[in-house]
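What follows is the residue order along each chain.
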Amino acid sequence: MAEHEDERRHWDYHYDEIGTAPGTLVIEEDASPPELTLIDYTASSAIRRELKTPEDCKPFLKSHSISWIDFQGLGNEPMLRHLGEVFKLHPLVLEDVVNVPQRPKVEYYDDQLVIIARMVMPKPSEAGNEAGFINEQVSFVLGPNYLLTVQEELDIDCFDPVRNRIRFNQGTIRAQGADYLAYTLLDTIMDAYFPVLEDYGELIESLEDEVIFNPTRQTVQRIYQVRRDLMGLRRSIWPQRNAISTLIRDSSDLIRPEVKVYLQDCYDHAVQVLDIVETYRELTANLMDVYLSSVSNRMNEVMKTLTVISSIFIPLTFIVGVYGMNFNPQVSPWNMPELDAYWGYPICWAVMIAIALGLTTYFWRKGWFESLSRSLPER
Amino acid sequence: MAEHEDERRHWDYHYDEIGTAPGTLVIEEDASPPELTLIDYTASSAIRRELKTPEDCKPFLKSHSISWIDFQGLGNEPMLRHLGEVFKLHPLVLEDVVNVPQRPKVEYYDDQLVIIARMVMPKPSEAGNEAGFINEQVSFVLGPNYLLTVQEELDIDCFDPVRNRIRFNQGTIRAQGADYLAYTLLDTIMDAYFPVLEDYGELIESLEDEVIFNPTRQTVQRIYQVRRDLMGLRRSIWPQRNAISTLIRDSSDLIRPEVKVYLQDCYDHAVQVLDIVETYRELTANLMDVYLSSVSNRMNEVMKTLTVISSIFIPLTFIVGVYGMNFNPQVSPWNMPELDAYWGYPICWAVMIAIALGLTTYFWRKGWFESLSRSLPER
Amino acid sequence: MAEHEDERRHWDYHYDEIGTAPGTLVIEEDASPPELTLIDYTASSAIRRELKTPEDCKPFLKSHSISWIDFQGLGNEPMLRHLGEVFKLHPLVLEDVVNVPQRPKVEYYDDQLVIIARMVMPKPSEAGNEAGFINEQVSFVLGPNYLLTVQEELDIDCFDPVRNRIRFNQGTIRAQGADYLAYTLLDTIMDAYFPVLEDYGELIESLEDEVIFNPTRQTVQRIYQVRRDLMGLRRSIWPQRNAISTLIRDSSDLIRPEVKVYLQDCYDHAVQVLDIVETYRELTANLMDVYLSSVSNRMNEVMKTLTVISSIFIPLTFIVGVYGMNFNPQVSPWNMPELDAYWGYPICWAVMIAIALGLTTYFWRKGWFESLSRSLPER
Amino acid sequence: MAEHEDERRHWDYHYDEIGTAPGTLVIEEDASPPELTLIDYTASSAIRRELKTPEDCKPFLKSHSISWIDFQGLGNEPMLRHLGEVFKLHPLVLEDVVNVPQRPKVEYYDDQLVIIARMVMPKPSEAGNEAGFINEQVSFVLGPNYLLTVQEELDIDCFDPVRNRIRFNQGTIRAQGADYLAYTLLDTIMDAYFPVLEDYGELIESLEDEVIFNPTRQTVQRIYQVRRDLMGLRRSIWPQRNAISTLIRDSSDLIRPEVKVYLQDCYDHAVQVLDIVETYRELTANLMDVYLSSVSNRMNEVMKTLTVISSIFIPLTFIVGVYGMNFNPQVSPWNMPELDAYWGYPICWAVMIAIALGLTTYFWRKGWFESLSRSLPER
Amino acid sequence: MAEHEDERRHWDYHYDEIGTAPGTLVIEEDASPPELTLIDYTASSAIRRELKTPEDCKPFLKSHSISWIDFQGLGNEPMLRHLGEVFKLHPLVLEDVVNVPQRPKVEYYDDQLVIIARMVMPKPSEAGNEAGFINEQVSFVLGPNYLLTVQEELDIDCFDPVRNRIRFNQGTIRAQGADYLAYTLLDTIMDAYFPVLEDYGELIESLEDEVIFNPTRQTVQRIYQVRRDLMGLRRSIWPQRNAISTLIRDSSDLIRPEVKVYLQDCYDHAVQVLDIVETYRELTANLMDVYLSSVSNRMNEVMKTLTVISSIFIPLTFIVGVYGMNFNPQVSPWNMPELDAYWGYPICWAVMIAIALGLTTYFWRKGWFESLSRSLPER
């Protein structure tokens, strides 16, 4: 459980020092220095530029081409404030964009649409059988002919296929507006949840076997961690689904009706992700029940072993104890005459064997021997 | 649990590679090569044709007769794209139809109504007492006088009775429009859930007895699998019910009011299926409780057996141990004079029998012997 | 659990063979042959006739008097079809009426109101302490001045008080319309749930005592059956409550406002029944918890008994074992000189008694002896 | 559990014999003979009269002063019917008022507002630590300038402070209308729930300690009873809250807007009561979990005691048994030469002490001895 | 659990003596004597005054500057009544403000907006690993150009940063109206929940480790207390969130649209707090499951220890008992000839060692030895 520190991010939201004025930006010490990339395209052409300052965006914003400004890394407050000025962001928007993590949501401003989303990706190098994921906040600011995306981390995203589709003019993306670009990126984010969930699905399957055939202390710990992770995923997905639903229902000019058809598809994906998360949550809850019953079964088998062995040998030990007594046979004919009987010892053994066989049969008919052999590790 | 691979389909939805452009079709390697069957009928006649290409449908679509185009198998991308062109399907519709499984839903397009449904059927050859089901996606595209159905698999469906009703002009089906045909097929799909549920009902009943009279490790595994399967069924039925409800409420011209009366009946069936699934889910949750209590009861009986036998024999063994001591009676009159007493040995036995009887009575009054005999397998 | 077959009816709904045409009637083999009774009344007079065929109703339907046609038994398909023609029932209505059981509901047709209800009555001869109920479907078809009721079984209903009120002109029933008659019968059906629930209330109370003072395997089985029965009752009542609520809210001419006031009362009764069912469900869920804790407590007492007896006698048995050793005292003064000591044997006993007393005190202070005596059956 | 009979009232509602005509009044045998008190007041004066018959109210109803007619006890059917006539009550209203208990609710009639409420009070003489409550139905009929209250029992209510406020002209009550009086009484009823809940809060706190430090069979029984009582309280409060909410929202002339402000306060109290009941329900559910874990912990300690003592002495008993064997040392030098060794007996003791110390250390490091001492009753 | 008295405040609401007239103020004996502070500011200036009586506020209320009147401590009824007169508070408002604790809510009066909120702060000096919080009620009365806040306790609040922002003219607060001030204080209250939750997050993490590696009785007690505290927090937050939502939706002139944008941000924080509380509640529920399984695992290990040691030594003890019997070998050649055999004793040992090894192997293959070593405290 040493990796807690890292995983805490699933659970907690950013919060301000008490009494902080609205609009205060909090730059974390280990935040990456930002990089600013611009992709500007029309149906016929597309260019890509690394920009030095947000100021450099201005000429592109004025043109009629579609501009995608991708800002990665939150480690430079003046640059972020500058970005806010260039795009005329409301102070609260800038705060939500910078002070990560925030809850996914959609907000409407005069001629801007702000979407806060959470991107989830499988952990790149996964050792062993465990599932896990990294996640970062992606904020969208959609204007009439531009899309600003702000990412929490440098160089970690799942947008490369979209960049390629623009570059190589695949599909219709270059012929569409900034709203279609926003949809495409949102849909890419939703698609990235599926492989993460697939990992958890496989982990749950391996836990199913473990829980029935070989339950250990680690098993319950792993189930608990899966449930905690799924809670975290659910907390990302649930508001994200509502945000997409808001986009579809609301009547802003920034999203054209033909793009809303596509957003409906994206909404369907969000619902499917939620479906799977809920199913997995219920499965892991059931797994805990099965685990408890498995542990009880194990204890049952331990007890049966003890009971069978004790119950057979304790009466026999009593009998051999009897004939170990030192009553003096010479004092009285009633004092342990068995000891001097010709067949005393063999008869004693015969009685003991009869008792042992009787008890063995009794336990065998109860099916307890079954458990003695069954409880060897089967797999 | 080796059959997991197969059953995974209950849980998961189709998902695209991250960043796939909308409209991309994914053909699975083991998908069946498609077959295309057309049934074209009016009140007075009905014909059935195996068609080579979707192109061959065009003459029938133009006529006023009702055309049911049944496309089975998703193994041929060009043919599917061709189908999309012939029926003027929106790229997202074609994607939903081909990239199975999708969540059941209804969508309205200009003059088309798209229904994604999930068909469930009992597994054909069922060995032993287990329940199970196969399922496939059936997509409906309803136009003014045609119905296109696209099925995931070749030759596995429950539509033969409908085909016969058209062929032999049973009931009013030939006198009705394509909307009635769509209803009939949807209702047939809903009806097919009932025998699957009946299998689970019987399985749960057999588990009820097993759980009380003979709980084993396999029992808990079977309960878990039933709960997992019911979760899968619920995930199919719940959105399907909502889809039918959408059909009834929405005001499209494609479904006439008189057919909506029938759809209400179909909706009632969906509600009944959900009712049964929820009841079964609750019953299996209760069964887990009963199972846990049964395991505890069993352990109680094991412990009682051990306790009765140990408690009776341990004191007796102590007594015989006493008279096995070697204190020298010749040194002192206080050293074990019992050993030399005339009635020493019989009195010793008398005392032991008295103790044994006393303890036996005590345990008998506690009702513990009951458990010793009861715990033999009753049934 | 041999009576399962019979009780399955609580759980399952009627379902058609896959692909059956809508309107198909399914006559079960053991269905009763129908009987048809007509009660026709005005404020001033009332007659009762046994009719041969539905055809015989026609003159009464035309008159202005109120006609209650009571059709009992579903064993004759032609007669049922005939009934459908006489009353001009929609094929789907006839199907719901005949193919029992259906989910309770209300449906509006042109000048008819169809109500499907479920009647529940205590089992007539109830042996022992168990609760149980019989139930059958009652369908109402309410027209302007007639009420058709179709019952699943012959001669099993709770309507006799209503028949008597009409016959003897008790209350205002003869002065009211067919809608009031429908309300009266519905309310009678709702009232009949209460004695059934009272039986379950008493059963739960007896289980409360059993679960704490004398939990056995049968207890858990009985709790499980009560929960299953309550689930069945809830499945009847929940849609029935909604159906009555629909009647109150909807704006059909067939039910006059002054009768809606009475229906509100009937709705209150349905809510009360649901309240009680939910309370009982929660109580039985709590009872399962109490049962599990009782079983654990019992095991605790068994373990304490074993532990007290073992812990006292095992050390003593060790001591007597020591002095049963055969080390030769003649070889060495260190070899068991105790055996030849003058006070050896009495001192040995003194030590053993001291140990036994010490341990007894220890366990007594832990309160474990309490459990040894307490675990005798208290009641 | 002998007091069940009495407590059944929390759970059950009144129900009629099957088929009883609406409006039938059911007078219970032990119902109190009614008493009728009138309080008539204006801003300047207030009188109080014991009335003989409902007829005597008539002059007061005609005057412009506010009349509060308080009818206590339901033991006289003719008088109740007479009351119904004087106040022109709908037959169903009279039925709800008389056939107690009913579910709390609000109903509107032409110029009357009927409120059914449930009054709850702590049991007057409460022995020991238990909580409990008595409850009765209070029905309000609010007219333009009168308020009729009908109470189930004689002389048990919490209205005396209100009577005094009228008598001594405290606050503004005499200056207000009948609607304010109805609010005042309703609010008094809501206030009376708090001390009952306070009792349960204290009981739950005492159970918290008991469950952790001294769990017994009685504990689980008491938790169960608290949960059952809370269910009963919830069933009273939930519909009562809804009834008050209906009063606030509905647009009847009988309640003036300025009184609605006060009703909002009363509604807040109802919500607070529900809040507390729900919290207590959740706390007791948690307590059951804690109880189960406490019982398991206890059993763990019992098992540890047994295991420690058995595990230490059983090997030692084996060793002393070895040297109690009678192999003949004279036949062979290999036959138990230890018995004749000079240091045999001391070495044997040394070995045994070493084994005992070793095992004791092992168990001590496992922390099992801790449990041996800890399990003495701590408090 | 001696600190209960103190913590009861989380659970309970203020309630009046039964029948108390509305508007009655209840001054608790230990309530602090009130202090009254006024902060009056415009964009250009800000003053702070300690006032003697509410009367002194009047000049400031008339001016156009924004006045924040902060009233701390509820120990002086005449002063509170005076305050009510100066600000023209409705009697019910004054009651809610004074009779703490009340449920958070928003209420609209003619030209005033009343907000009841609950402030939560970490306990100042926190010893050990425990979490905890203090909480008090803060009531807001918002008028056109003033804000009255009434706090339950003297000198305990989290408003100092806001006071400083006004004093040093940080941010835009001095340029805004009283509505912005109300928002700022509400937001500060919401922000103060986060560090409290952070404490609980850390406590839950430490419990996660404890529950798996070292579960004790105290663990379950601590889990129970965390769950109880979270229930208390939830009861504060839930209505507070609803109150903020009411502020945003309602159309009062007192809150300008530009401040509603900020309130939306505050609402987001409330939702995040609720999210975290719900997650923690679910985590602790899961922890209880894990705890129960840990206790079962522990018991399993205890039982395995007992079973391994008993099962190995009990058969051996039987064997040595056999050769301790005193059958007379001289009477018969069948009477224990082994005792006189040359290799008797060594063979006896060989057999016993073989049995011990066999059983050890058997248990080792079952993996039970693992548990013997593993159950030493790992961490």
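Because the structure is a prediction, the values reported are computed rather than measured.

Trainee: Is there a simple way to think about the overall build of chain A in this case?
Mentor: When you go through chain A residue by residue, the secondary structure sums to 11 helices and 7 strands. Computed over its C-alpha atoms, the radius of gyration of chain A comes to 35 Å, more than 25% above the 21 Å expected for a compact globule of 379 residues. Each of the three principal axes of chain A carries a C-alpha extent, and together these read 125 × 45 × 35 Å. Evaluated residue by residue, chain A yields a buried proportion of 48% over its 379 residues. Within chain A, residue pairs in contact and separated by at least 24 positions form 72% of the contacts whose partners lie at least 6 positions apart.

Trainee: Can you help me understand the packing of helix α8 (residues 257-322) of chain D against helix α8 (residues 217-249) of chain E in this one?
Mentor: In the contact formed by α8(D) and α8(E), the axes pass within 10 Å of each other and the chain directions differ by 170°. As the angle between them shows, α8(D) and α8(E) are arranged roughly antiparallel. Contacts from Asp275(D), Thr279(D), Glu282(D), Leu283(D), Asn286(D), Val290(D), Ser293(D) and Asn297(D) in α8(D) reach Arg217(E), Val220(E), Tyr224(E), Arg227(E), Arg228(E), Met231(E) and Arg235(E) in α8(E). Residue composition of the contact of α8(D) with α8(E), by class: 5 nonpolar, 4 polar and 6 charged.

Trainee: Explanation requested: the UniProt feature "transmembrane region" (unreviewed entry) in chain A in the structure shown.
Mentor: All names here are of chain A. When the UniProt feature table is mapped onto this chain, "transmembrane region" (unreviewed entry) is found at residues 306-323 and 343-364. Across residues 306-323, the secondary structure splits into 94% helix and 0% strand, with the terminal C-alpha atoms separated by 26 Å. Annotated as 95% helix and 0% strand, the span residues 343-364 places its first and last C-alpha atoms 31 Å apart.

Trainee: How do you make sense of the sheet that holds strand β5 (residues 112-122) of chain B when you look at a structure like this?
Mentor: Two strands in a sheet stick together by hydrogen bonds in their backbones, pointing the same way (parallel) or opposite ways (antiparallel). Residues and elements named next belong to chain B. The mixed open sheet is built from 7 strands, whose spatial order is β2-β1-β3-β7-β6-β5-β4. Two strands bound the open sheet, and with one partner strand each, they are β2 (46-51) and β4 (105-109). On average, each strand axis in the sheet is inclined to that of its neighbour by 20°, with strand direction left out of account. By the bridge criterion, 5 bridges tie β4 to β5 in an arrangement that is antiparallel. Bridged to Val 106 within β5 is Ile 115.

Trainee: Where do I start with the interface of chain A and chain B in this structure?
Mentor: Many analyses report the size of an interface as the accessible area lost when the parts associate. Taken together, the contact pairs 61 residues of chain A with 54 residues of chain B. Going through the elements one at a time, α5 (160-167), α6 (178-191), α7 (193-213) and α9 (257-322) of chain A are the ones with two or more residues in the side of chain A that touches chain B. With 32 residues, α9(A) is the single largest residue contributor to the side of chain A that touches chain B. Grouping the amino acids of the side of chain A that touches chain B by side-chain chemistry returns 25 nonpolar, 22 polar and 14 charged.

Trainee: Sorry, what's going on with the relation of the copies chain A and chain B here?
Mentor: It takes a turn of 72° to lay chain A on chain B, together with a shift of 0.1 Å along the axis; the resulting RMSD is 0.1 Å. Here the symmetry operator amounts to a five-fold rotation axis. Closest approach to the rotation axis among the C-alpha atoms of chain A is made by Gly324(A), whose C-alpha sits 4.7 Å away.

Trainee: Mind showing me how you'd approach helix α3 (residues 77-86) of chain E here?
Mentor: Because each turn of an α-helix spans 3.6 residues, side chains separated by three or four positions end up pointing in the same direction. Residue and element names in this part refer to chain E. Within the span of α3, buried status applies to Leu 80, Leu 83 and Gly 84. Viewed end-on, α3 has its buried residues packed into an arc of 100°, placing them on one side of the element. Pointing more than 90 degrees away from the buried face of α3 are the exposed residues Pro 78 and Glu 85. Of the residues trailing α3, Lys 88 is marked for its positive phi of about 55°.

Trainee: Is there a simple way to think about the sheet that holds strand β7 (residues 146-151) of chain E in this case?
Mentor: All names here are of chain E. Strand order in the open sheet made by the 7 strands is β2-β1-β3-β7-β6-β5-β4, with mixed pairing throughout. Edge positions in the open sheet fall to β2 (46-51) and β4 (105-109), since each of these has one partner strand only. Strand-to-strand twist across the sheet, computed as the mean angle between neighbouring axes with direction ignored, equals 20°. Where helix α7 (residues 193-213) meets the sheet, its contacts fall on β5 (112-122) and β6 (133-142), and the angle it forms with β5 comes to roughly 35°.

Trainee: Just checking my understanding: could you explain the domain arrangement of chain A for this structure?
Mentor: If you check the domain split of chain A, you get domain 1 (4-293) and domain 2 (297-374). On a C-alpha basis, the centroid separation for the pair domain 1 of chain A and domain 2 of chain A is 72 Å.

Trainee: For this particular structure, what's the right way to read the environment of Leu230(A)?
Mentor: Residues and elements named next belong to chain A. By the element assignment, Leu 230 lies in helix α8 (residues 217-249). Residue class for Leu 230 comes out buried when judged on the 23 C-beta atoms lying within 10 Å of it. Residues Leu 230 and Tyr 280, 50 residues apart in the sequence, show an inter-C-alpha distance of 7.7 Å. Those residues in contact with Leu 230, other than ones at most four positions away along the chain, are Tyr 200, Val 277, Tyr 280, Arg 281 and Thr 284.

Trainee: Can you help me understand the pairing of strand β2 (residues 46-51) of chain D in this one?
Mentor: Working note: regular strand, side chains alternate between the two faces of the sheet. Residue and element names in this part refer to chain D. Pairing analysis gives 6 bridges linking strand β1 (residues 35-41) to β2, with the strands arranged antiparallel. By the bridge assignment for β2, Ile 39 is matched with Arg 48. The turn joining β1 and β2, which pair antiparallel and follow one another in sequence, is formed by 4 residues.

Trainee: I keep staring at helix α10 (residues 344-365) of chain A and nothing clicks. Help me out?
Mentor: Residue and element names in this part refer to chain A. Taking 1.5 Å as the rise per residue, α10 with 22 residues should run 32 Å; its terminal C-alpha atoms sit 31 Å apart, in good agreement. Gly 344, Tyr 345, Cys 348 and Phe 363 are the residues of α10 that are buried. Across the axial projection of α10, the buried residues extend over an arc of 100°, all falling on one side. Opposite its buried face, α10 presents the exposed residues Ala 350, Ile 353, Ala 354, Leu 357, Gly 358, Thr 361 and Arg 365, each directed more than 90 degrees away.

Trainee: Explain the packing of helix α6 (residues 178-213) of chain C against helix α7 (residues 217-249) of chain C here, please?
Mentor: Geometry of a packed helix pair, given as the angle between the helix axes and the separation of the axes. Residues and elements named next belong to chain C. Taken N-terminus to C-terminus, the directions of α6 and α7 make an angle of 155°; their axes are 11 Å apart at the nearest point. As far as their axial angle goes, α7 and α6 are roughly antiparallel. Remark: the crossing between α6 and α7 carries left-handed chirality. Between α6, through Leu 186, Tyr 193, Tyr 200, Leu 203, Ile 204, Leu 207, Glu 210 and Val 211, and α7, the contact on the second element is made entirely by Thr 219, Arg 222, Ile 223, Val 226, Leu 230, Ile 237 and Ile 244. Partitioned by chemical class, the residues of the contact of α6 with α7 number 12 nonpolar, 1 polar and 2 charged.

Trainee: Looking at this structure, I do not really get unusual backbone geometry. What am I missing?
Mentor: Across the chain, the bulk of peptide bonds are trans and the bulk of non-glycine residues have phi less than zero. That bond from Val100(A) to Pro101(A) is cis: its omega, -10°, falls within 30 degrees of zero. Following the sequence through the fold, Pro101(A) ends up in the loop between α4 (91-98) and β4 (105-109). Backbone geometry places Asn169(A), a non-glycine residue, at a positive phi of 55°. With respect to the helices and strands, Asn169(A) occurs in the loop between α5 and α6. On the neighbour-count criterion, Asn169(A) (16 C-beta atoms within 10 Å) is partly exposed. For Met336(B), which is not a glycine, the phi torsion comes out positive at approximately 50°. Tracing the backbone through its elements, the reader meets Met336(B) in the loop between α9 (257-322) and α10 (344-365).

Trainee: Can you walk me through the environment of Leu51(E) in this structure?
Mentor: Residue and element names in this part refer to chain E. Mapped onto the elements, Leu 51 comes out in strand β2. Residue class for Leu 51 comes out partly exposed when judged on the 16 C-beta atoms lying within 10 Å of it. Separated by 245 residues in sequence, Leu 51 and Ser 296 have C-alpha atoms that sit 64 Å apart. For Leu 51, the contacting residues outside a window of four places in its chain are Leu 36, Leu 38, Asp 56 and Cys 57.

Trainee: How do you make sense of the environment of Gly171(C) when you look at a structure like this?
Mentor: The residue Gly171(C) is located in the loop between α5 (160-167) and α6 in this model. Residue Gly171(C) is classed as partly exposed on the basis of its C-beta count, with 18 C-beta atoms lying within 10 Å.

Trainee: Honestly, the pairing of strand β6 (residues 133-142) of chain B in this entry has me stumped. Any pointers?
Mentor: Residues and elements named next belong to chain B. Counting buried positions over the 10 residues of β6 gives 8, a clear majority of the element. Bridge count for β5 against β6 is 10 bridges, and the pairing is antiparallel. Looking at the pairing, Val 114 lines up with Val 141 of β6. Strand direction decides the pairing type here: β6 and strand β7 (residues 146-151), joined by 5 bridges, are antiparallel. Opposite Val 141, over in β7, you have Leu 148 as the bridge partner. Taking the residues that link successive antiparallel strands as the turn, the β6-β7 hairpin has 3 residues.

Trainee: What exactly am I supposed to notice about the confidence of the model for chain A here?
Mentor: Low-confidence regions, as indicated by low pLDDT, have predicted coordinates that should not be scrutinised in detail. Residue and element names in this part refer to chain A. When the pLDDT values of chain A are averaged, the result is 87; 93% of them are 70 or greater. Put simply, helix α1 (residues 4-11) is where chain A has its lowest mean pLDDT, 45, and strand β7 (residues 146-151) is where it has its highest, 95. In the model, residues 1-10 has pLDDT below 50 throughout and makes 6 contacts with residues more than four positions away in sequence or in other chains. Low pLDDT (under 50) marks residues 375-379, which in the prediction has 8 contacts with non-local residues, meaning those over four places away or in another chain.

Definitions and limits used
- Every chain is numbered independently, its residues counted from 1 as its sequence is written.
- Lettering for chains starts from A, numbering for ligands starts from 1, and both go in the order in which the items are written.
- With pLDDT at 70 or above as the cut-off, local features in this predicted model cover only qualifying residues; side-chain atom pairs require 80 or more to be listed or tallied, and sums for whole chains, interfaces and linings still use all residues.
- Secondary structure follows DSSP: runs of H or I at least 4 residues long count as helices, runs of E at least 2 residues long count as strands, and numbering of each begins at the N terminus.
- Radius of gyration here is computed from C-alpha atoms only, and the compact-globule reference equals 2.2 Å multiplied by the residue count raised to the power 0.38.
- Buried, partly exposed and exposed are defined by the number of other C-beta atoms within 10 Å of a residue's own C-beta, namely 20 or more, between the two limits, and 12 or fewer respectively, with C-beta atoms placed from the backbone.
- Residue pairs qualify as contacts under a 7 Å threshold applied to their C-beta atoms, which are placed from the backbone.
- For helices, the fitted line uses only the C-alpha atoms of the stretch in contact; every axis is such a line through C-alpha atoms, and the angle between N-to-C directions lies from 0 to 180 degrees.
- The scheme is simple: roughly parallel for angles under 35 degrees, roughly antiparallel for over 145, roughly perpendicular for 65 to 115, oblique for anything else.
- Under the convention adopted here, Pro, Cys and the residues Ala, Val, Leu, Ile, Met, Phe, Trp and Tyr are nonpolar, Asp, Glu, Lys and Arg are charged, and Gly plus all remaining residues are polar.
- UniProt positions are given in the numbering used here, feature names are shortened, and annotations may be inferred rather than shown by experiment.
- Two strands qualify as a pair provided DSSP detects at least 2 bridges between them.
- To superpose the copies, least squares is applied to the C-alpha atoms of every residue with a pLDDT of at least 70 in both.
- Working note: the arc is built from the helix axis to C-beta atom directions.
- Domain boundaries shown here were taken from an automatic or database domain assignment.
- Every helix has an expected span of 1.5 Å times one less than the residues it contains.
- Each crossing gets its handedness from the near helix: less than a right angle anticlockwise from the far helix is left-handed, clockwise is right-handed.
- Each residue carries a pLDDT score, the predictor's own confidence in it, on a scale running from 0 to 100.

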